[in-house]
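# Survey of secondary and tertiary structure
One-letter residues, chain by chain:
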Amino acid sequence: MTSGAERVLLDYLVFLQSQGWDVRCASPSGPMQDRATQAGLRWAEIPDLKLASGNKATAGLAMTRAWRRASTALQGLAEDADVVVVNGLMALPALRLARLSCPVTWLVHDVVVRKDLQLLVHGAAGAVTRAITVSECAAEFPRSAGIATTVVLNGTPFPLPRAPITMPTPPTVGVSAVLTPWKGHDVLLEAAAQIPAPVHFELMGGIPAKDADYVASLQARASQPDLAGRVKFLGHVDDPVARLRTWSVAVSPSVEPEACPLNVLEAMSVGVPMVVTDHGGAAELIADAGLRVSPRDADALATGINAALTETEDHRRMRLRGPEIIDERHRIEDVCARFAAALVAVIDGDGKP
């Protein structure tokens, strides 16, 4: 299961290779490796740079060793490179240790609010020539850390077959997001309990191994009398947009700000109205193609969902407006071209493209 950040990077790398760039992809073994090789990209393995759990001293020592091994691998891979793109902040210390001679671009997919991660970035910021962030909210921290920053909003395939203009029967409200606590599925279920039948709810997304207890708690809540029989757990779906197209309303209930969620763009691309929590990139993206509600507020979320389910002129406008916004700002081929232009500007030392 590849993450949204990995999907974005793969789109960019495949586009660059199609434009004649010599692309080399380095990652730990796993889904990213599989997708990269299937796309015809050259791939090399580096250590997994995720924070380890357990004793802090032991975990810190393991991370330091992983960064050193990764830095050695990166030195070899980037020996004759014109630019290096790093796809996550946990790799930044490895880039600092590598002391590469070419410019380094940090592709920022997160709204960095955790103090420990901010300290990590500050310590490695000198290795970064420019950050390319996926939203304005994601750009705030790199800029505050003194890193030159360009914003390139995420994209999605377009045009696609649209959802029906008329409301499906029975109405279905869905969330497309990996089942992890910060995505806010628990808040959605509390909101769902306030919305009477026949409205049904679908939770579409994979389950990280570390979040099995969280998912069990969601399933237990969904089995309570006020929700029994009205909530489906779909798991990972190979074609999430096809499922999105069957929903009356899509919801992004994240309790922490996301940078530029692909699920919001996907729903907008097929004309499904969105209800999103009013922070981070979701609030930036939605414009007038959906509604914003307060984070962590089940009552506000229920009110927003009810409003989006009501077949009014506003509902019809939201269904039409989403595809218009995607066409104007988020076509994947246009976004990939903007990213390529940003890299060329970094290579040429020109600053913003």
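Scope of this entry: the structure provided in the associated data block.

Definitions and cut-offs
Residues numbered from 1 in each chain as written. Predicted model: local features only at pLDDT ≥ 70, side-chain atom pairs only at ≥ 80, totals over all residues. Heavy atoms only, no water. Helix = DSSP H or I, 4+ residues; strand = E, 2+ residues; numbered from the N terminus. Buried < 20%, exposed > 50% of the residue type's maximum accessible area, 1.4 Å probe, protein only. Contact = heavy atoms within 4.5 Å. Arc of directions from axis to C-beta. Pairing = 2+ DSSP bridges. Axes fitted to C-alpha atoms, helices over the stretch in contact; angles between N-to-C directions.

Let us now look at the side chain of arginine 321. You can see arginine 321 is positioned in helix α13 (residues 313-329). For arginine 321, a relative accessible area of 17% corresponds to the buried category. Those residues in contact with arginine 321 that sit more than four places away from it in its chain are Asp288, Ala289, Glu328 and Arg329.

What helix α5 (residues 115-124) keeps buried is the set Leu117, Gln118, Leu120, Val121 and Ala124. Along the axis of α5, the buried positions cluster into a sector of 160°, meaning they face one direction only. Residues of α5 that are exposed and angled more than 90 degrees away from the buried face: Lys115 and Leu119.

Pairing is parallel in the open sheet, where 4 strands are placed in the order β3-β4-β5-β6. Whereas interior strands pair on both sides, the edge strands pair on one side only; in this sheet they are β3 (84-86) and β6 (149-151). If you compare each strand with its neighbour and ignore which way they point, the axes differ by 25° on average. Strand direction decides the pairing type here: strand β5 (residues 130-133) and β6, joined by 3 bridges, are parallel. Paired with alanine 131 across the two strands is threonine 149, which belongs to β6.

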